[in-house]
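Listed below, chain by chain, are the residues.
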Amino acid sequence: MKNQNIQLYPNIDETTKIKLLSSSKVYFNPTPYIEGFGTSVVEGMSAGLIPVTRNKGGVIDFVPEKYTFNEFTDAMDKVKRAMEDWNEKEMKEMKNISERFSLENYEKIY
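It should be emphasised that the depicted structure is a prediction, and the values quoted were computed from it without experimental measurement. (Residues numbered from 1 in each chain as written. Predicted model: local features only at pLDDT ≥ 70, side-chain atom pairs only at ≥ 80, totals over all residues. Heavy atoms only, no water.)

**Student:** How do you make sense of helix α4 (residues 88-98) when you look at a structure like this?
**Tutor:** Owing to its 3.6 residues per turn, the α-helix brings residues three or four apart onto one side. Among the residues of α4, E90, M91, M94, I97 and S98 are the ones counted as buried. Within α4, the buried residues cover an arc of 125° as seen down the axis, which keeps them to one side. Away from its buried face, by an angle of more than 90 degrees, α4 presents the exposed residues E88 and K89. Tucked inside the fold, the buried residues of α4 contact α2 (39-46), β2 (50-54) and α3 (75-85). Where α4 begins, one side-chain oxygen reaches toward the backbone nitrogen of K89, 2.9 Å away; that side chain belongs to N87. (Buried < 20%, exposed > 50% of the residue type's maximum accessible area, 1.4 Å probe, protein only. Helix = DSSP H or I, 4+ residues; strand = E, 2+ residues; numbered from the N terminus. Arc of directions from axis to C-beta. Contact = heavy atoms within 4.5 Å. Polar contact = N/O pair within 3.5 Å; in protein donor to acceptor, adjacent residues only side chain to side chain.)

Have a look at this one:
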């Protein structure tokens, strides 16, 4: 039931994932489940993508509120906004946020 402009890549290899992340602007995380942390969202942000995700679980601690949604009906407006907002400054901000979760920072804490 997917739209023509959506491609699904289940269980992709690292090379394909890197290629997709480097050619994208938005990381859409539509999962209806609460993620404890949101590793995939941080991974997208580290590639400079603006995350659009539900405002549930661990992502609420680091995803800017303007890119979160509660009801799925609001998700497409958030994706559209993220695509319009994407620029070099916003890309760097997403990367900076993701760097809070680097191995180096983790080792400093623990």
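**Student:** Which parts of the structure should I look at to understand the pattern of salt bridges?
**Tutor:** One pass over the full model with this rule turns up 5 salt bridges. Taking the shortest distance from any N to any O, the salt bridge between E14 and K17 comes out at 2.7 Å. Here E14 pairs with K17, and both are found in helix α1 (residues 14-22), just 3 residues apart, close to one helical turn. Salt-bridge contacts for D85 lead to R81; the nearest nitrogen and oxygen are separated by 3.3 Å. In this pair, D85 and R81 are both assigned in helix α3, 4 residues apart and thus about one turn of the helix distant. Judged by relative accessible area, which is 36%, R81 ranks as partly exposed. Connected through salt bridges with shared partners, the residues E14, K17 and E43 form a single ionic network. (Salt bridge = Lys/Arg side-chain N within 4 Å of Asp/Glu carboxyl O.)

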